[in-house]
Amino acid sequence: MNNIMNLLKCEYRKLVDLKRLVVIGSLTILLISLYSLLFSSEPISEWKESAGEIRVLQKDAIEALGQQSDDLEQNETVNTQIIRTIETEIDLIDYSIKNDIPYRPSNVWFFMTKLEMLTLFIIFTSLLLGSRVLAVEDENNTWINIIKSCNNRSSIIAAKVISAIITVVTYFLLFYIIGFIIGLIRFGINGNDFVTVRWVDGSFEMENMIVSFIKTIGLGMTKAIFYTVLISALNIVIGKNKICVFIGICLVVFNEYISAFLANYKLNSIFPFKYLAYNVDHLNTIQELVPFLLVLGSYALGFILIATYLFKKKSF
């Protein structure tokens, strides 16, 4: 344990760089600030008027799509699906107004739930940061020095993987803390309405936005840790950081397609692709959460055990 703690301290002396932190922090602030401009800021007291205006625009859109379907028969199916989506949104507005539940309230809680759209950016950045833990040794040819200072190669790998995971978790928390501060400045508490309504499986459902964005953070963080462990294991085995990161990014980008392809097979549930395609709606019960954590955790542990075994056999 002492060996691992000492190795962890060494890792952060190598990785923590003020210039890198300033650059990453500045880019994150810029991105979230620009993203926040996509949402209007208005007093909570005006939400019904705003919802009514959106309803009128959506009605106009339905009429336009209906006329387009009449003119172009081949677009009829696509337009019908779009019209159904818009009609659902109109029903949602009507339900919100009738029950006095703010529709898309302009406050920090609503903005935090919308940060889910930036999850890919967070995961990509986390992968790049986490991969540096191992890449720095290959770039500087310092593996032999670490091995000489600590004969226990298992401790070296444990320290590396833990450092990569801590880096990912730290960036995730930093991202959402920055997001909360920007959301607070841009939208404010604004009535402190953190309950909204949404359409789920053919019925209206109340949504606690605070719970929703906490679940979003947990889900995204779990996925990022899994991808980071995979990249770390690959890096330990083949020692080519750019190739490993490329493989990880490709898996993130194409995972939903892989999951959809395997969906018709019974063995789909034992592969991680299904669970990596999950969103927060898939984790509402213990029956859904347990296999999600169990499968991803088992694969991550397997990756590290195999990588550690091969690392012990590796010569430097």
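Here the structure is a predicted model, which is why all the values come from computation and not from measurement.

Caption draft 1: Representation of the overall build of the protein chain within the structure. Counting secondary structure elements, the protein chain contains 12 helices and two strands. Reading the helices (α) and strands (β) of the protein chain from amino to carboxyl end gives α-α-α-α-α-α-α-α-β-β-α-α-α-α. If one aligns the C-alpha atoms of the protein chain with their principal axes, the spans along those axes are about 70 × 45 × 35 Å. For the protein chain, with 316 residues in total, the buried portion stands at 41%. Looking at the protein chain alone, contacts between residues at least 24 apart form 77% of all its contacts between residues at least 6 apart. The average position of the 27 basic charges and that of the 28 acidic charges among the side chains of the protein chain differ by 21 Å.

Caption draft 2: A look at helix α10 (residues 241-262). Largest kink in α10: about 55°, centred on F254. Of all the positions in α10, only N241, C244, V245, G248, L251, V252, N255, S259 and L262 are classed as buried. Its buried side turned inward, α10 meets α6 (119-140), α9 (209-238) and α11 (273-276).

Caption draft 3: Molecular detail of α9. Taking 1.5 Å of rise per residue, 30 residues should cover 44 Å, and α9 covers 43 Å from first to last C-alpha, within 8% of that figure. Capping the start of α9, N208 holds a side-chain oxygen 3.0 Å from the backbone nitrogen of I210, two or three residues further along. With its phi angle positive at about 70°, G239 sits one or two positions after the end of α9.

Reading the values: rules and limits
Residues numbered from 1 in each chain as written. Predicted model: local features only at pLDDT ≥ 70, side-chain atom pairs only at ≥ 80, totals over all residues. Heavy atoms only, no water. Helix = DSSP H or I, 4+ residues; strand = E, 2+ residues; numbered from the N terminus. Buried < 20%, exposed > 50% of the residue type's maximum accessible area, 1.4 Å probe, protein only. Contact = heavy atoms within 4.5 Å. Lys, Arg positive; Asp, Glu negative; His and termini not counted. Charge placed at Lys NZ, Arg CZ, Asp CG, Glu CD. Bend = angle between axes of the 7 residues up to and from the residue. Expected span 1.5 Å × (residues − 1). Polar contact = N/O pair within 3.5 Å; in protein donor to acceptor, adjacent residues only side chain to side chain.

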